[in-house]
Amino acid sequence: MRIVYLSPSGQLGGAEACLLDMLAVVKKSRPESEIHVVLGEDGPLRKRVEVLNANTTVLPFPAEIAKLGDSAGGRASL
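Scope of this entry: the structure provided in the associated data block. Here the structure is a predicted model, which means the values were calculated and not measured.

### Quick look at the overall build of the protein
When you go through the protein residue by residue, the secondary structure sums to three helices and three strands. Sequence-ordered secondary structure for the protein, helices as α and strands as β, is β-α-β-α-β-α. Put simply, the protein has 78 residues, and 29% of those count as buried. Total accessible area on the protein is roughly 5500 Å²; 56% of this is exposed by carbon and sulfur atoms.

Here is the structure:
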């Protein structure tokens, strides 16, 4: 199974801690899974993800997407 997670932040916070926990559980329960995390910015999260043997790509998100989310106060209309 291939799984891709998106994170607009490369920093460590509550959501990122949950992401790391989720990666660890998936790796333990399905070790054959290929996990990739796309980060909107580089930061300490990248190294923590790589310690869990998941691949990372730093790809700045377009401004319209980067401003979405709870902390940014944005609203999505899809």
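### Quick word on the pattern of salt bridges
The full count for this structure, using the stated rule, is three salt bridges. Here E34 makes a salt bridge to R2, at a shortest N to O gap of 3.5 Å. Here R2 lies in strand β1 (residues 2-7) and E34 lies in strand β2 (residues 34-39), a separation of 32 residues in the sequence. Taking the relative accessible area as the measure of exposure, R2 reaches 70% and is therefore exposed. D42 is paired through a salt bridge with R46; the nearest N and O atoms lie 2.7 Å apart. Taking the relative accessible area as the measure of exposure, D42 reaches 42% and is therefore partly exposed. Through salt bridges with shared partners, a single ionic network connects D42, R46 and E50.

Conventions and cut-offs
Residues numbered from 1 in each chain as written. Predicted model: local features only at pLDDT ≥ 70, side-chain atom pairs only at ≥ 80, totals over all residues. Heavy atoms only, no water. Helix = DSSP H or I, 4+ residues; strand = E, 2+ residues; numbered from the N terminus. Buried < 20%, exposed > 50% of the residue type's maximum accessible area, 1.4 Å probe, protein only. Areas by Shrake-Rupley, 256 points an atom, 1.4 Å probe, with all protein chains shown as cover. Salt bridge = Lys/Arg side-chain N within 4 Å of Asp/Glu carboxyl O.

These values are about where atoms sit, not about what they do.
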